[in-house]
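# Coordinate analysis (summary)
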Amino acid sequence: MKPESFFHPDMKPLLDARKSMPPATTPAEMRRAWTLYAQALSSPRPAGITTQDRTIPTPGFAVPVRIYRPSGTTGPLPCILYMHGGGFMLGDLDSSDTSAWGLCAEVSAVVVSVDYRLTPEHPFPAAFDDCFGVLRWLSDHAAEIGGDPSRLAVSGESAGGNLAAALALAARDRGSPALSACAMVYPCTGEETTLQSYIEYRDGPSLTTPRMEMYTEVYCSGAKHRRDPYASPAYAADFSGLPPTFVHTAECDPIRDDGRMFAAKLAQAGCNVTYREAKRMLHGFLRARLTGHAARAEHTALCAFLRTQLHPG
């Protein structure tokens, strides 16, 4: 493993927060540790953003969401469906609050953050079904929350990046909803762990290869759904016809090559894809945007892409 001095200085808060996490082996212990990690890197949302917690009816489950809107805005705003990370096993509306309000503030959009069901209690397709159900609802009911259904994007980090890709594939396959953009930040897409990044950064210091293998095993129920493209978007038979996509990876991340490979597949299929790699940064680098100038620049690049796609002209 590379020495800590190799990583970008902006990663120090992430490394410090990781060191303070208590040992955890069970899902309950891991969730408590993740909550402490997220709290150490969070900041209260600005006064200029209003929120509403509610549930969205979907065919299989009433899905909790948190809706963010910039205050003082008039007229319908574009909408971003946001999915948090956590290996499909960790995370909730609070652990992802800082990420969600950051998109709302900088893109000037209504953001709907999804509290999808988690593993091991709810393996695939529960999380995917929850997110697609909320996406369908948002397409039909955006006006109710001050949104414009003709300007709709999906965005997510890590496991949420997987879900964003899966939603883009499913929306294309099923003929709706029409998406203006997809943003995938350090996504896991289901590539094999023989790729170079899984080997080079196997032991962290943020996400590790064994932990990613465990998350995938639990989410996909072993081999049962391993190659279903809505569980592992890397296995889609066709990558054409997807919306403009931003693929954002960390150089020092076991799943870096998932993002690299996915961006290459989109480019080869003729899609509009932007690829950006955060040099010397770790999985989760957006959590450092409030304390580091370089991490802030990575967040700015993500938001600039979404603004371009959602506020054309």
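Refer to the structure printed above.
Residues numbered from 1 in each chain as written. Predicted model: local features only at pLDDT ≥ 70, side-chain atom pairs only at ≥ 80, totals over all residues. Heavy atoms only, no water.

It is worth spelling out the sheet that holds strand S8 (residues 273-282) at this point. With mixed pairing, the eight strands of this open sheet are ordered in space as S1-S2-S4-S3-S5-S6-S7-S8. Unpaired on one side and paired on the other, strand S1 (49-57) and S8 mark the two borders of the sheet. Here the strands of the sheet are splayed against their neighbours by 20° on average, with no regard to which way each runs. The sheet contact formed by strand S3 (residues 77-83) and strand S5 (residues 147-157) spans six bridges and is parallel. Among the inter-strand pairings, Cys79 is bridged to a residue of S5, identified as Leu152. Taken strand by strand, helix H3 (residues 97-107) contacts S1, strand S2 (62-70), S3, strand S4 (110-114) and S5, and its axis lies near 40° from that of S2. Packed on one face of the sheet, helix H4 (residues 126-141) meets S1, S2, S3, S4 and S5 and runs near 170° to S3. (Pairing = 2+ DSSP bridges. Helix = DSSP H or I, 4+ residues; strand = E, 2+ residues; numbered from the N terminus. Axes fitted to C-alpha atoms, helices over the stretch in contact; angles between N-to-C directions. Contact = heavy atoms within 4.5 Å.)

This part covers the packing of aromatic side chains. Taken as a whole and assessed by the stated rule, the structure comprises ten aromatic pairs. Ring plane angle 20° and centroid distance 6.0 Å describe the contact between Phe128 and Phe132, whose orientation is recorded as stacked. Here Phe132 and Phe128 lie together in helix H4, a separation of four residues that amounts to about one turn. Take Phe128 and Phe132: they sit in the same class, and that class is buried. (Phe/Tyr/Trp six-rings, centres within 6.5 Å; stacked < 30°, edge-to-face > 60°. Buried < 20%, exposed > 50% of the residue type's maximum accessible area, 1.4 Å probe, protein only.)

Turning our attention to the pattern of salt bridges. Under the defined criterion, the tally for this structure stands at 21 salt bridges. Notably, a salt bridge pairs Lys265 with Glu191, separated by 2.8 Å at the nearest N-O pair. Here Lys265 is found in helix H8 (residues 256-268), whereas its partner Glu191 is found in the loop between strand S6 (181-185) and helix H6 (196-200), with 74 residues between them in sequence. Of the two residues, Lys265 and Glu191, neither departs from the other in class, the shared state being buried. (Salt bridge = Lys/Arg side-chain N within 4 Å of Asp/Glu carboxyl O.)

The residue Thr249 is located in strand S7 (residues 245-252) in this model. The exposure class of Thr249 is buried, given its relative accessible area of 1%. Leaving out residues up to four positions away in the same chain, Thr249 has contacts with Tyr186, Arg256, Gly259, Arg260, Tyr275, Arg276, Glu277, Ala278 and Phe285.

Before going further, it helps to examine the packing of H3 against helix H9 (residues 293-310). A pair of packed helices can be characterised by two numbers: the angle between their axes and the separation between those axes. Running from N to C, H3 and H9 point in directions that differ by 55°, and their axes come no closer than 9 Å. The angle between the axes of H3 and H9 places the two elements in the oblique class. Where H3 crosses over H9, the handedness of that crossing is right-handed. From H3, Gly102, Leu103, Glu106 and Val107 reach across to H9, where they touch Arg296, His299, Thr300, Leu302, Cys303, Leu306, Arg307 and Leu310. Of the residues assigned to the contact of H3 with H9, the class counts are six nonpolar, three polar and three charged. (Parallel < 35°, antiparallel > 145°, perpendicular 65-115°, else oblique. Left-handed = near helix turned anticlockwise from the far one by under 90°. Nonpolar A, V, L, I, M, F, W, Y, C, P; charged D, E, K, R; others polar.)

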